[in-house]
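Architecture at a glance
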Amino acid sequence: MIELPANKANIKKAAEIIKSGGLVAFPTETVYGLGANAFNPIAVSKIFEAKKRPFFDPLIVHIATISTIGEIADGLDPIETKLAETFWPGPLTLVLPKHNSIPDIVTAGLPTVAVRMPANEIARELILEAGVPVAAPSANLFGRVSPTEARHVANQLGKNIDMILDGGKCEIGMESTILKIEDGVPFLLRYGGLPIEEIEKTIGKVNRIVYTADTKRTDTPESPGQLTYHYSPLTQLILIDDIKSIKIEKTKAGLLAFTHPQKDLPFEKIEILSGTGNMREAAANLFSCLHKLDSSNLDIIYAEKVPEEGLGKAIMDRLTKAAKKDNLNFY
Ligand code: AMP
Ligand code: MG
């Protein structure tokens, strides 16, 4: 059994594993991460191997205190400083000029590195205890549904990693928002757990260069890891505007509903993101509802669209990519 409760002794053990080049899955407020010593290229290569993640998809490096930023990035400009001061620790990733100490495998050879300081205290204690920055993508198989509970990690990666620190459910349940500042101009690279509206209240208008499910992938260095197929259950998922429009015939169908749907719908299983239509709750439940539906032996999952406001944008980004099965063989 590699799932251990995240108490002090086990956090210490996990830190020892990281220091000696192993892999530890750990809770953050966004999703569970699969961590390795960001300074150790061999350890980082094990992340790609365990996840079956392509090497062109760069990782996020996690730090516990702002004072260590100089070890991985070549400083913060005034906008980045303001963002870090306002939103760290929290679900915001900044893409910064990379320090030489970060091996190329972490950044897919880019001159920039993605950095985040998680709010989850277990995550920060682990990083502090390990004494190194921790490179960590989500702890799931590449392209599949992200883990928001320790058992989600165990189901997908259990045999291939050294330890899972169980810290319960992830509070936000949605990956971080990713921003890059170029010559003083902010760009949004991914919708995530920090609503873009909140960021704009702090630094003004942010340009969007987010990749949607319809974007054609290119190999240009400006667009690393912006995959159009992502977050996918193994069961086919179809996004729908209106539940009433679905004609279910013989198939065993499941429904991912935004809020309480009308009664007597002909679904084998229904998962509700938020009974009260609360977007924060919906985001936190998204991946666990998808895990439940995906393990219910269904032929198809219908997912109701959610309003694209605040975290609703991040939810719709994940759902449109989860529904995009046809480019599975592209990579
Ligand atoms: P995750 O899989 O949630 O750990 O997120 C990693 C994502 O961060 C990648 O898929 C990229 O989209 C983004 N990312 C990481 N490093 C960079 C970078 N140097 N430049 C731009 N985006 C990056
Ligand atoms: Mg991921």
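Look above for the structure.
To keep things clear, this report deals only with the structure shown in the data block. From a predicted model like this one, the values you see are computed outputs, not experimental measurements. (Residues numbered from 1 in each chain as written. Chains lettered and ligands numbered in written order. Predicted model: local features only at pLDDT ≥ 70, side-chain atom pairs only at ≥ 80, totals over all residues. Heavy atoms only, no water.)

Moving on, we get to the sheet that holds strand S10 (residues 185-190). With respect to topology, 11 strands assemble into an open sheet ordered S1-S8-S2-S3-S7-S4-S6-S5-S9-S10-S11, the strand pairing being mixed. Each end of this open sheet is capped by a strand with a single partner; those strands are strand S1 (3-5) and strand S11 (207-208). Bridge analysis of strand S4 (residues 60-62) against strand S7 (residues 134-135) gives two bridges, and the strand direction is antiparallel. Within S7, the position partnered with Val61 by the bridge is Ala135. (Pairing = 2+ DSSP bridges. Helix = DSSP H or I, 4+ residues; strand = E, 2+ residues; numbered from the N terminus.)

Turning our eyes to something else, we now look at the environment of Thr320. Of note, Thr320 is situated in helix H9 (residues 311-322). Thr320 sits in the partly exposed class, given a relative accessible area of 29%. Sequence separation between Thr320 and Leu239 is 81 residues; the distance between their C-alpha atoms is 7.1 Å. At 2.8 Å, the side chain of Thr320 forms a polar contact with the backbone oxygen of Met316. (Buried < 20%, exposed > 50% of the residue type's maximum accessible area, 1.4 Å probe, protein only. Polar contact = N/O pair within 3.5 Å; in protein donor to acceptor, adjacent residues only side chain to side chain.)

For S1 and strand S8 (residues 163-166), the ladder comprises three bridges, and the chain directions are parallel. Bridge pairing in S8 places Pro5 opposite Asp166. With two bridges connecting them, strand S2 (residues 24-26) and S8 associate as parallel partners. Bridge assignment links Val24 to a residue of S8, and that residue is Met163.

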